[in-house]
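These are the residues of each chain, in order.
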Amino acid sequence: MNVRMKGEKRGRMLTNRIVRRLVGVAFIIFVAGCAGAPSTLSPASTSAQRITDLMWGFAAAAALGFLVVEGLLLYSLSRFSYYGKERLEKASLPVQTEGNRFFEAAWTIIPAVFLLILFIFTVTTLWAITTRPSSASADPQVVNLHVVGHQWWWEFQYPDLNIVTANEMHAPVNSLVYVSVDSVDVIHSFWVPQMGGKIDVIPGHTNHTWFQPTEAGTYIGECSEYCGTEHANMRMDLIVETMDDFNAWVKQMQAPLPTLTGDAAQGEQDFLNGSCVGCHTIDGTKAAGIVGPNLTHVGSRHILAGAVIVNTPDNLAAWLANPQAIKPGAKMPDLGLTQSQIQRLVAFLESLK
Ligand code: CUA
């Protein structure tokens, strides 16, 4: 074995190792991308199911096209190969088929038919997911939901139920959720991937969409249009539950303020006499600000501040102490609260179930 061959062998081994590592890394990234919600690959609504079906249909069509084209290519390469000493001796020029009408017609018509079929499936799916089903024909429960985009959190209004909440929306399984969206500041985009497509959330213009959840669960939604510093932290949860659970939630949301004692009652006074009322509403009190989230039943929510933090007394205390440390750029200012004020406010807000 001469020096040159040794060098070549070492080079090949190095290349093999690099390729193996790259394949490994790509595989890990691919698998990591599939883990956890929200994934469009695990649809949980009628529209999302149709979109996923269409996606798999396209993937299958593309795979078929790939196999046919690459198969013909590999066949031609091996059948008409000029490489190798023996074959080179035997080789003769293959039949030249320039201008072959049969082949030219075939490779024009077959892809055209193929694309036409995909086009029909696409249009049918688009039609199905954009046409709002009438509630009369299907007869499921209808939920009217008005979504308002704010920098950087979501407001959810249920006009028929007199409920205003934030970051967390509820809907019964199999209900028809008619969604209207608009924004108070910049353009956002409302997207719960497992429920279907995105819809632009535009100031001064109301857009409409709908979904029909088919499985109970908690689904992550997110703003999918860049809208400023905290765009990535403008998330939401959709909680799809049984009709009984939904009705219980509605009842809870419609309940009046509880009678408070101790720290919670003190916290209420701090809240109502402080600057909180300038931005937040609590039904049944003088707090009627509309800049920040409605806090009427904030204690019952699982997440806070555009789903940046889980709603626990500790997290809420940290948020009140320094919101900018948790969500830089958020509209909630540092109010310079004392530890005892924070403790009372947390007791108050967490009691608003
Ligand atoms: Cu709101 Cu991005």
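Residues numbered from 1 in each chain as written. Predicted model: local features only at pLDDT ≥ 70, side-chain atom pairs only at ≥ 80, totals over all residues. Heavy atoms only, no water.

Some thoughts on the pattern of salt bridges
The following threshold applies: When a carboxyl oxygen of Asp or Glu lies within 4 Å of a side-chain nitrogen of Lys or Arg, that pair is called a salt bridge. Secondary structure elements are defined from DSSP: runs of H or I of at least 4 residues count as helices, runs of E of at least 2 residues count as strands, and each element is numbered from the N terminus. Accessibility here uses a 1.4 Å probe with only protein chains present; expressed as a share of the type maximum, an area under 20% marks a residue as buried, one over 50% as exposed, and anything in between as partly exposed.
Counted according to the given criterion, the structure contains one salt bridge. As a salt-bridge pair, R344 and D270 come within 2.7 Å of each other at their nearest N and O atoms. Here R344, found in helix α10 (residues 339-350), pairs with D270, found in helix α7 (residues 262-273); they are 74 residues apart in sequence, far enough to count as distant. Classification of D270 as partly exposed rests on a relative accessible area of 23%.

Some remarks on the environment of H302
In this structure, H302 sits in the loop between α7 and β11 (303-304). Along the chain, H302 and D237 lie 65 residues apart, while their C-alpha atoms are 9.0 Å from each other.

Comments concerning the packing of α7 against α10
Convention followed: Whenever a helix is involved, its axis is fitted only over the stretch in contact; in every case the axis is a line through C-alpha atoms, and angles between N-to-C directions fall within 0 to 180 degrees. If an angle is under 35 degrees, it is roughly parallel; if it is over 145, roughly antiparallel; if it lies from 65 to 115, roughly perpendicular; otherwise it is oblique. Should any heavy atoms of two residues lie within 4.5 Å, those residues are counted as being in contact. Ten residues, namely Ala, Val, Leu, Ile, Met, Phe, Trp, Tyr, Cys and Pro, are considered nonpolar, four, namely Asp, Glu, Lys and Arg, are considered charged, and the remaining ones, Gly among them, are considered polar.
At their nearest, the axes of α7 and α10 sit 7 Å apart, and the two run at 105° to each other. Relative to α10, α7 is oriented roughly perpendicular. From α7, D263, A264, Q266, G267, E268, D270 and F271 reach across to α10, where they touch Q341, Q343, R344, L345, A347, F348 and L349. In terms of residue class, the contact of α7 with α10 is built from six nonpolar, four polar and four charged.

Structural notes on the environment of L335
Within the secondary structure layout, L335 lies in the loop between α9 (323-326) and α10. With a relative accessible area of 31%, L335 lands in the partly exposed category. Between the C-alpha atoms of L335 and P323, which are twelve residues apart in sequence, the distance is 9.1 Å.

Focus on the sheet that holds strand β2 (residues 153-158)
Here is the rule: Strand pairing requires that DSSP identify at least two bridges connecting the strands.
As summarised here, the arrangement of the five strands in space is β3-β2-β1-β5-β8, forming an open sheet in which the pairing is mixed. Across the chains shown, the open sheet's two edge strands, defined by having one partner strand only, are β3 (163-166) and β8 (207-211). Taken over all neighbouring pairs, the strand axes of this sheet differ in orientation by 25° on average, direction set aside. Pairing between strand β5 (residues 176-183) and β8: five bridges, direction antiparallel. Within the sheet, the bridge partner assigned to S180 lies in β8 and is H208.

Description of helix α8 (residues 313-321)
Turn by turn, an α-helix covers 3.6 residues, leaving residues three or four places apart pointing in a common direction. Note the cut-off: The arc in question is the one traced by the directions running from the helix axis out to the C-beta atoms.
Turning to α8, its buried residues number three or more, namely L316, W319 and L320. Seen from one end, α8 has its buried residues packed into an arc of 95°, which puts them on one side.

Quick look at the sheet that holds strand β10 (residues 235-241)
Spatially, five strands are ordered β4-β10-β9-β6-β7 in an open sheet, and the strand pairing comes out mixed. Lying at the two open borders of the sheet, with one neighbouring strand each, are β4 (168-172) and β7 (199-201). Looking at each pair of strands side by side, their axes are set apart by 25° on average, direction ignored. Strand direction decides the pairing type here: β4 and β10, joined by five bridges, are parallel. Looking at the pairing, E168 lines up with D237 of β10.

Focus: the nonpolar core
Buried together is how nonpolar side chains tend to be arranged in soluble globular proteins. The cut-off we apply is this: Remark: nonpolar core denotes a set of buried residues (Ala, Val, Leu, Ile, Met, Phe, Trp, Tyr, Cys) joined through side-chain atoms within 4.5 Å.
Counting 31 residues, the largest nonpolar core has W154, F156, M169, F190 and L238 as its most contacted members. Listing elements by their share of this core, those giving two or more residues are β1 (142-150), β2, β4, β5, β7, β9 (217-223), β10 and α6 (243-254). Ranked by residues supplied to this core, first place goes to α6 with four residues. Once residues within four sequence positions are removed from consideration, M169 is found in contact with L145, F156, Y158, F190, V192, M236, D237, L238 and I239.

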